[in-house]
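Now for the letters of each chain:
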Amino acid sequence: MNETFYDILPSGVRLVHRQSDSPVAYVGIMVRAGTRDESERLNGMAHYIEHCVFKGTRSRTARQIIGQIEGIGGEINAYTTKEETTFYAAVPVEHFTHTLRLIADMVLHPTFPKKETDKEVGVILDEIESYNDSPSELIYDDFENLIFAGHPLGKPILGTKKTLRRISASPAVPAEWMKQQYRPDKMVVFVQGNLPFTRVQHAVAACMAELESSSASDCLAPTKLTSQVQSLSPLPADTPREAMFRKHTHQTHVMLGGLAYPLGHARQLTMYLMNNILGGGSLNSRLNLSLRESRGLVYTVESTYTPLSDTGYWCIYFASDPQNKEQCLDLILHELKRLREQPLSEGQFRKALQQLRGQMAISAENEENNVLAMAKQVLYFGSSPTWEQTFAKIQRLTPQDLSEVANQLLQEDMLFNIQYV
């Protein structure tokens, strides 16, 4: 089956439904509102809302929200990124309508009861401390703060103790932010399961009927990036590119990388393939073979590529004994130089494509990841291609395409570097 259907409600809310044979339905709402939409004073707002809409609505208590999903054997979840907030659940398909109503109630009618949200602030503060105790996660925040210095994209998703006090001072504070940011044209309702599309349409229309269309002036525009960050042009010579922190950990943790292409860029898929070759999730990535398999210098080395709506970045992370740090850095710079100066042979390129195709096919078996990726594609582009359609585009790339991207993005004088020592 696996046919995908689309609709737009009169209010501007978009709907995507992927029909499948599964007895499990995934249903949720993704909103284009995240950390980059926050002021400095209210940093952490999007994440706070993600937590606290679970604390009660006009018609449901916190216990009822949890019980009405868990009681039918379902799972409900939410997450916040720099640009989106998402609420979703997986339930037996016969409970689809009830689940949609509950999630819509959370997004449209949260009350932020002070007694409950004060407790949740404590939970978020514990989450922040847990994060601070994990250098392999915290270093991503510090790297983003370096590469996007002075912009909300560089701020932590979780916020700080100081900003959380402001945010939680009154229910009116998050309610007003939601009024500004949770606009219908910034919402996607997503569904996947063995459900007729007409039934999905009717249920979504009923749940979202109260929303009225809004204009761009109703929403505070996210802070724009500098033209240099958007265009990947050289940054000024005095731009801070390195930062070092004393963390008193046994290992040295290092991250280096630079700016990259945004979502929808003509070279996004080329960058995706190159990252997979360099240090993607496989043991035969160039970085893993060089640093771990050949020399035993690290337990983990990986590279990631994160495209955002109007910019993006790539980074390499590793942790090693302090005495091995410089050798690891030299080996990484050598691999970056290889990608710039030595194009893949046709045989190497075909093997890289074959490996990526298999990884994409296996990843496509993860229904939860699939439905969330589908929603994000619709949020930004209005439709969601299948993995086969995406791979067909990747197959049209050439070794020369990879070399051009490597020479644009992997130059040593464009690198940012964070170290925990």
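Anything mentioned here points back to the structure above.
Quick notes on the rules
- Residues numbered from 1 in each chain as written.
- Predicted model: local features only at pLDDT ≥ 70, side-chain atom pairs only at ≥ 80, totals over all residues.
- Heavy atoms only, no water.
- Helix = DSSP H or I, 4+ residues; strand = E, 2+ residues; numbered from the N terminus.
- Rg over C-alpha atoms; globule rule 2.2 N^0.38 Å.
- Buried < 20%, exposed > 50% of the residue type's maximum accessible area, 1.4 Å probe, protein only.
- Areas by Shrake-Rupley, 256 points an atom, 1.4 Å probe, with all protein chains shown as cover.
- Lys, Arg positive; Asp, Glu negative; His and termini not counted.
- Charge placed at Lys NZ, Arg CZ, Asp CG, Glu CD.
- Salt bridge = Lys/Arg side-chain N within 4 Å of Asp/Glu carboxyl O.
- Core = buried A, V, L, I, M, F, W, Y, C linked by side-chain atoms within 4.5 Å.
- Pairing = 2+ DSSP bridges.
- Axes fitted to C-alpha atoms, helices over the stretch in contact; angles between N-to-C directions.
- Contact = heavy atoms within 4.5 Å.
- Parallel < 35°, antiparallel > 145°, perpendicular 65-115°, else oblique.
- Nonpolar A, V, L, I, M, F, W, Y, C, P; charged D, E, K, R; others polar.
- Phe/Tyr/Trp six-rings, centres within 6.5 Å; stacked < 30°, edge-to-face > 60°.
- Left-handed = near helix turned anticlockwise from the far one by under 90°.

What to know about the overall build of the protein chain
Within the protein chain, the regular secondary structure consists of 16 helices and 11 strands. Taken over C-alpha atoms, the radius of gyration comes to 23 Å for the protein chain, in line with the 22 Å a tight globule of 421 residues would show. Taken across its 421 residues, the protein chain has 52% of its residues classed as buried. When the accessible surface of the protein chain is split by element, carbon and sulfur atoms take 50% of a total near 19,300 Å². Looking at the protein chain, you have 41 positive and 48 negative side-chain charges, and the mean spots of the two groups are 2 Å apart.

Some points on the environment of Asp238
Along the chain, Asp238 falls in the loop between helix H9 (227-231) and strand S7 (242-245). Once the C-alpha coordinates of Asp238 and Met360 are considered, the two residues, 122 residues apart in sequence, prove to be 41 Å apart.

Regarding the pattern of salt bridges
Evaluated as defined, the whole model comprises 14 salt bridges. Between Lys155 and Glu40 there is a salt bridge, and its shortest N-O distance comes to 3.9 Å. Of the two residues, Lys155 is situated in the loop between helix H5 (135-147) and helix H6 (161-167) and Glu40 in the loop between strand S3 (24-31) and helix H1 (45-52); the sequence distance between them amounts to 115 residues. Look at Lys155 and you get partly exposed, because its relative accessible area is 28%. Look at Glu40 and you get exposed, because its relative accessible area is 62%. The partner of Asp185 in a salt bridge is Arg183, with the nearest N and O atoms 2.1 Å apart. In the salt-bridge network here, residues are joined through shared partners; they are Arg36, Glu83 and Asp310.

Here's the deal with the nonpolar core
Tyr182 and Met208 are the most contacted members of the largest nonpolar core, which totals 53 residues. A per-element tally of this core places helix H3 (residues 96-108) first, with eight residues. Of all hydrophobic cores here, the second largest spans 39 residues; its members include Met271, Met274, Ile277 and Leu287.

Brief notes about the sheet that holds strand S11 (residues 416-420)
Taken in spatial order, the five strands of this open sheet run S7-S11-S8-S10-S9, and their pairing is mixed. Single-partner strands in this sheet number two, and they are S7 and strand S9 (298-307). Averaged over all pairs of adjacent strands, the angle between their axes in this sheet comes to 10 degrees, without regard to strand direction. By the bridge criterion, five bridges tie strand S8 (residues 252-259) to S11 in an arrangement that is antiparallel. For Gly257, the partnering residue across the bridge sits in S11 and is Phe416. With respect to the sheet, helix H11 (residues 286-293) is in contact with S9 and strand S10 (312-320), its orientation differing from that of S9 by roughly 160 degrees.

Digging into the side chain of Thr99
Along the chain, Thr99 falls in helix H3. For Thr99, a relative accessible area of 0% gives the class buried. With residues up to four places along the chain from it excluded, the contact list for Thr99 reads Val27, Ile69, Ile72, Ala89 and Val91.

Overview of the packing of H1 against helix H7 (residues 172-181)
At a minimum axis distance of 11 Å, the contact between H1 and H7 shows a crossing angle of 105 degrees. Between H1 and H7, the angle is such that the two are roughly perpendicular. Every residue of H7 that contacts H1 at Met45, Ala46, Tyr48 and Ile49 is listed here: Val173, Pro174, Trp177 and Met178. When grouped by side-chain class, the residues that make up the contact of H1 with H7 number eight nonpolar, no polar and no charged.

Observations regarding unusual backbone geometry
Positive phi, close to 50 degrees, is recorded for Phe112, a residue that is not glycine. Here Phe112 shows up in the loop between H3 and helix H4 (114-132).

Things to note about the sheet that holds strand S4 (residues 75-80)
Pairing within the open sheet is mixed, and its six strands lie in the order S1-S2-S6-S3-S5-S4. Either end of the sheet is taken by a strand with one partner, and the two such strands are strand S1 (3-8) and S4. The sheet shows a mean angle of 15 degrees between the axes of neighbouring strands, taken without regard to direction. Its contacts with the sheet put helix H14 (residues 367-381) on S1, strand S2 (14-19), S3, S4, strand S5 (85-92) and strand S6 (187-193), and the angle it makes with S6 is roughly 145 degrees.

Notes on the packing of aromatic side chains
Enumeration according to the criterion identifies eight aromatic pairs in this entry. Aromatic pair Phe143 and Tyr313: ring centres 5.9 Å apart, planes at 50 degrees, arrangement tilted. Of this pair, Phe143 sits in helix H5 while Tyr313 sits in strand S10; the two residues are 170 residues apart in sequence, bridging distant segments of the chain. Like Phe143, the residue Tyr313 is buried in the burial classification. Each ring, one from Phe148 and one from Tyr313, has its centre 6.1 Å from the other, and the planes form 75 degrees; the classification is edge-to-face. Here Phe148 is found in the loop between H5 and H6, whereas its partner Tyr313 is found in strand S10, with 165 residues between them in sequence. As far as the burial class goes, Phe148 and Tyr313 line up, both buried.

Observations regarding the packing of helix H13 (residues 346-363) against helix H15 (residues 387-394)
Contact pair H13 / H15: the axes reach a minimum separation of 10 Å and the direction vectors enclose 165 degrees. When the interaxial angle is binned, H13 and H15 end up roughly antiparallel. Crossing handedness for the pair H13 and H15: right-handed. Facing H13, whose interface residues are Leu353, Leu356, Arg357, Met360 and Ala361, H15 presents Trp387, Thr390, Phe391 and Ile394.

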